[in-house]
Amino acid sequence: MNYTIHTVEKTARIDRLIEHLFKNPPEIEADRGVLITESYRSTEGEPIVTRRSKAFYHILENIPITIRPEELIVGSASVAPRGCQVFPEYSFEWLESEFDTVATRKADPFYISEDAKARLHEAYKYWKGKTTNELATGYMAPETLRAIRHNIFTTGNYFYNGIGHVCVQYDKVLSIGFAGIRREAQQALDKLSVADSDFVKRQHFLQAVIRSCDAAILYARRYAKLAEEQAAASTDAQRRKELMQIAENCRRVPENGATTFWEACQSFWFVQMLLQVESSGHSISPGRFDQYMYPYFRKDMDAGRITPEFAQELLDCIWVKLNDLNKVRDAASAEGFAGYSLFQNLIVGGQTKEGLDATNDLSFMCLQAAMHVMLPAPSLSVRLWNGSPHDLRIKAAELTRTGIGLPAYYNDEVIIPSLLSRGLTIEDARNYCIIGCVEPQCPGKTDGWHDAAFFNMCRVMELVFQNGMDDGEMVGIPTGDVTKMTCMDDVLDAYRKQMDYLIELMVNSDNAIDMAHNELCPLPFQSSLVEDCIGRGTPMQCGGAVYNFTGPQGFGVANVADGLYAINELVFNSRKVTMADFKAALDHNFGEDAIGETEVAAIVSEVVHGLISAGKTVTEQDIARVAAIVGSKVLTAEQRERYKNLRKMINALPKFGNDIPEVDAFARKAAGCYSYSVEKHKNPRGGIYQAGLYPVSANVPLGAQTGATPDGRLAHEPVADGVSPCAGMDTNGPTAAASSVARLDHANASNGTLYNMKFHPSALSGRSGLENFAALVHTYFDKKGSHMQFNVVSRETLLDAQAHPENYKSLVVRVAGYSALFTTLSRSLQDDIIRRTEQAGF
Amino acid sequence: MQQDIYSVRGRIADIQRFSIHDGPGIRTIVFLKGCHFRCRWCCNPEMQEYGIQTMTVNGVPKTIGRDVTVEEVMREVVKDRDFFRRSGGGMTLSGGECLSQPEFAIALLAAAKDMGLNTAIESTAFTSYENVITKVLPHLDNFLMDIKHMDRAKHEAFIGKPNDIVLENARKIAPNAKRLVIRVPTIPGFNDTPAEIGAIARFAASLPRVEELHLLPYHRLGQDKYTWLDREYTLPDILPPTDEHMQMLLAEAQKSGLRCQIGG
């Protein structure tokens, strides 16, 4: 046993820090946007990497800084608690057009002052035509843009924002500081010969790294000075002492290596925060925090310099600070990433590079910190393997029982071999951490591009039924008239062909965006913390990292699986339904939004009058067109009944998630069609594509854009999330559901799979509840599942929270790969979470 | 012999996976049809009759009861073998009264042991000790036995049968069972006074080798089923006991010296 479990109470300071943080709604601040514009205006014509580093320096030299009351760990990206900065170099038009609605929108509202609007309005004048967003659009093929317009997939994440999705070498900063990294860059620079073929490129990059290190050091010194000023002004002796220590810490780190645990915490925090000032990319993940922080904790403990109580308080302070960072997204993305989440994933446990158990005191203290603060960030994860201590499983189960949706559980026994298959060394694979939602990577060495796209597999199924057409346009490819198909293989073949083609378009889109980031937004600060950028003299965005991937996510596995099974059963096996009828039922949303013949005239007249009163001239032809559209929705009473009846027949069939191997086999096929096609492609950084199977929360908004599917799902309803069974369809309990989900090829979906399970609190009550819960997770992992996460909250509680949000401001639920405050989610996403099958334990 | 037990037929109402309150670990419960008792609070009234019944659930008729072989049941039960192994769980027979189909119940338990599974039954033990229970015990790891009341008349009034056989069998089972746990459904207006619970606990403590007693608070989750079966629910006005009340009864039960808990 390599650990001691310290059970420590939360201090009153932590409650007050949280109260302060959540007192006001989050706010958009203009400073970064204005400062980067100033800098860019003055560096026109210089190499882009130089301009980026100068802008970073200019921002850190001038951005307002603040120390919040009672903080022990300092450094805030915004003056307002939970405020955010803006990043016009990626995209800006959406925000300008949403200035007046962003404060009142449903998903993730932000306050913005009139002054900030005016300053940003001025700054934005510079950016027209200069963003990654605009460049990427220009790089995409017309058919790709058409597929995006038709909502087959979205690459919006990196289309509008920075990449993020990285775990940097925190350990390196803790050990040698930015002074040490600066030294490395200088040495690399000194070794260059002006005659080197790539001298210019390397020189500018290394100089940019040095400038970025200087910027970080300068920024910390500003905090040291502020702390000294506040100490001098403080009348409270205790606080004065704290502030003096804070000042001393900020003078030492992150410039130099940390000498105490407190310094290590402060140094970590500067890195974590500054990465999110350099770029707007989210999922900047602390990774294996319990591993790289442990030596500093151990040293202080052994020297008797620190108590477990104070060490825990420092951790709790970091946990609060992780909730201080924020990001404004466009209204549509905010729906998909609801809950103000930055997906800062922090993971504990697992194995060392040598393959020994890595659990230590801090692993438990991190879980304890989450119980103390009860906030959505960090996205806390636990790595489990066959050698994990039982204590860790139980402590994690205790955290799960709080209902906060944390931690997420990860299976070393699947993920390590999966990473090996993608070319990682055994040491690097054993050292994996999780990025963002569920994406594994080797920390400090990887540019994983993990959230590259959301790909809606249900839309592919729609195109199979429409022979490639969507809304009158050829979006896919012709794969034959579905009503002429004579066996299941014909259907699967068409599905695979459509899939391959649409994945090519998605790859085109991602690679276009990749190029835009390469050319316009290299990140020298981030690159200084990822191996082997300094060695190669190349920014991460241009292929500087040791490992390079692009990871787009497919979702809708369960819908496609249940749909394929239904077609196979009803059309080909029992022959109860013809394919023509099946298609017609889908076209008419299973008879649900059909129009009776008698209603046609009234509807046409209403539409025409609407056009006229809107000032449009309406010709005979227009009326005929309207009549044709309305007419196409007309069904006879018999047809309507028949299609409704087909849906009943479909609903009566067995579904994925009930431990029925024949159904589950279709899920494996549906997922495999996606993941095996994705992995054939390459990205511009010299890496390969790898598929993920998870939706964040995009299954709700993207489901709204999806027509009826053969699994009986009605048009516009949410699509199944992650690899989970369709909501409410797993009726045989959690063991059956888990056994089904484990039948997918999780190892091949090496960008991560996501399995949501919802429990009623009674299922985890008492010690035996914890034991049984831990056994459930353990068994799912025995069966080669990769990830599992839980909502432990009663349906009644969630319904009451919808009715009385004011009473549930702090109710945290697991959304998908992250936790969020329930009341901040949109109504439709709330409904979806309520609908997920609740596993009570009988 | 083995071939024989696997082909024994019986009548079940349901098989439920991931049961975590009826014996140790994660378990699969097999509900057998038929019961000698007619407890007025029974939450599985559709399992009382041995005959196959139709229950109308929200307008949809549902057949309750199907005849299966031991082999068919075990095929379903072993699906969760891996979960049993990690949690120390296994198979639990319930009902109805599982021992009201003695040959089937014994064959199921023997098959489970044959396959290396942990076994439990939830039972009232209202059957012949010599002819049935002695044949059950060799295959049984956990006997979860209901004792509902010490008063013969009250037992008969609420349950339909007196308690003599139950109490007599409890005394016989205790020294011979691998593990016997006494469980008391705690029903307001029937047995939820400290005196009544205390009496059961003292009796349980007097049984040799019995160490545990579980108080199972009354719940109304079965109430709708009476409507679906077109039957009258004769306890319409009672409410589930409050937490405070259960804590008070727990304290009373603990005076017996047994390890007591609320819930299974």
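Residues numbered from 1 in each chain as written. Chains lettered and ligands numbered in written order. Predicted model: local features only at pLDDT ≥ 70, side-chain atom pairs only at ≥ 80, totals over all residues. Heavy atoms only, no water.

Student: Residue-level account of the overall build of chain A, with values.
Tutor: In terms of helices and strands, chain A carries 35 helices and 20 strands. A globule of 842 residues ought to have a C-alpha radius of gyration of about 28 Å, and chain A, at 27 Å, matches this closely. Residues counted as buried form 65% of the 842 residues belonging to chain A. When the accessible surface of chain A is split by element, carbon and sulfur atoms take 52% of a total near 28300 Å². Counting 84 positive and 103 negative side-chain charges, chain A places the centres of these two groups 2 Å from one another. (Helix = DSSP H or I, 4+ residues; strand = E, 2+ residues; numbered from the N terminus. Rg over C-alpha atoms; globule rule 2.2 N^0.38 Å. Buried < 20%, exposed > 50% of the residue type's maximum accessible area, 1.4 Å probe, protein only. Areas by Shrake-Rupley, 256 points an atom, 1.4 Å probe, with all protein chains shown as cover. Lys, Arg positive; Asp, Glu negative; His and termini not counted. Charge placed at Lys NZ, Arg CZ, Asp CG, Glu CD.)

Student: Go over the state of the cysteines with me, naming the residues and quoting the values.
Tutor: Residues and elements named next belong to chain A. Inspection of the entire model under this criterion finds zero disulfides over all chains. Looking at the unpaired C84, the closest cysteine sulfur is the one in C521, lying at 17 Å. Here C442 stays free of any disulfide, with the sulfur of C433 as its closest cysteine sulfur at 7.7 Å. (Disulfide = S-S within 2.5 Å.)

Student: Report on the side chain of A:S283, specifying residues and quantitative values.
Tutor: Residue and element names in this part refer to chain A. Tracing the chain through its elements places S283 in the loop between helix 12 (261–278) and helix 13 (289–292). Of the polar contacts made by the side chain of S283, one reaches the side chain of H165; its length is 3.1 Å. A distance of 2.9 Å separates the side chain of S283 from the side chain of H282, its partner in a polar contact. The contact partners of S283, leaving out residues within four places of it in the chain, are H165, V166, L342, F343, I435 and G436. (Polar contact = N/O pair within 3.5 Å; in protein donor to acceptor, adjacent residues only side chain to side chain. Contact = heavy atoms within 4.5 Å.)

Student: Explain the pairing of strand 8 (residues 142–146) of chain B residue by residue, including any values.
Tutor: All names here are of chain B. With five of its five residues buried, strand 8 lies for the most part within the structure. Residues N142, L144 and D146 line one face of strand 8 and the alternating positions F143 and M145 line the opposite face, and both faces are buried. Relative to strand 8, strand 7 (residues 118–123) is paired through four bridges, and the arrangement is parallel. Each bridged residue has a counterpart across the sheet, and for A120 the counterpart in strand 8 is N142. Taken together, strand 7, helix 5 (residues 129–136) and strand 8 constitute a β-α-β crossover, and its handedness is right-handed. As defined by bridge partners, strand 8 adjoins strand 9 (residues 180–186) across four bridges and the pair is classed as parallel. Bridge assignment links D146 to a residue of strand 9, and that residue is R183. (Pairing = 2+ DSSP bridges. Right-handed = clockwise from strand over helix to strand, strands pointing away.)

Student: An account of the pairing of strand 16 (residues 756–759) of chain A is requested, with residue identities and associated values reported.
Tutor: Residue and element names in this part refer to chain A. On strand 16, burial covers both faces: N756 and K758 on one face and M757 and F759 on the other are all buried. Pairing of strand 16 with strand 17 (residues 787–792), which is carried by four bridges, proceeds in the parallel orientation. Paired with K758 across the two strands is N791, which belongs to strand 17.

Student: Tell me about the sheet that holds strand 10 (residues 454–456) of chain A, and please be specific about residues and values.
Tutor: Within a sheet, neighbouring strands are paired by backbone hydrogen bonds and run either parallel or antiparallel to one another. Residues and elements named next belong to chain A. With mixed pairing, three strands are arranged side by side in an open sheet as 3-10-14. Each edge of the sheet is formed by a strand with only one pairing partner; in this case those strands are strand 3 (153–154) and strand 14 (553–555). Sheet topology note: the strand 10/strand 14 ladder contains three bridges and is parallel. Looking at the pairing, N456 lines up with F555 of strand 14.

Student: Provide a residue-level description of the sheet that holds strand 13 (residues 547–550) of chain A, including the pertinent values.
Tutor: Residue and element names in this part refer to chain A. Taken in spatial order, the three strands line up as 9-13-15 in an open sheet, and their pairing is parallel. Looking at the sheet topology across the chains shown, the edges are occupied by strand 9 (446–447) and strand 15 (688–689). One ladder, built from two bridges, connects strand 9 with strand 13; its direction is parallel. Bridge pairing links T446 to Y547 in strand 13.

Student: Would you mind going over the environment of B:Q101 in detail, with residue names and values included?
Tutor: All names here are of chain B. Of note, Q101 is situated in the loop between strand 6 (90–95) and helix 4 (102–114). A C-alpha to C-alpha distance of 9.1 Å links Q101 and C35, two positions 66 residues apart in sequence. Once residues within four sequence positions are removed from consideration, Q101 is found in contact with G10, R11, L32, K33 and Y50.

Student: Kindly report on the interface of chain A and chain B, identifying the contributing residues and their values.
Tutor: How big an interface is tends to be stated in terms of the accessible area lost upon association of its parts. Counting residues at the interface gives 22 residues for chain A and 16 residues for chain B. Counting the surface lost from both chain A and chain B, the interface buries some 1700 Å², and carbon and sulfur atoms represent 56% of this. Seen at the junction of chain A and chain B, the total is four salt bridges. With a shortest N-O distance of 2.6 Å, B:R86 and A:D782 are connected by a salt bridge. Counting across the chain A and chain B interface gives five residue pairs in polar contact (both at pLDDT 80 or more). At the level of elements, helix 32 (734–742) and helix 33 (766–782) of chain A are the ones that each hand at least two residues to the side of chain A that touches chain B. The leading source of residues in the side of chain A that touches chain B is helix 33 of chain A, at seven residues. Counted by class, the side of chain A that touches chain B contains nine nonpolar, 10 polar and three charged residues. (Buried area = accessible area lost by both parts, 1.4 Å probe. Salt bridge = Lys/Arg side-chain N within 4 Å of Asp/Glu carboxyl O. Nonpolar A, V, L, I, M, F, W, Y, C, P; charged D, E, K, R; others polar.)

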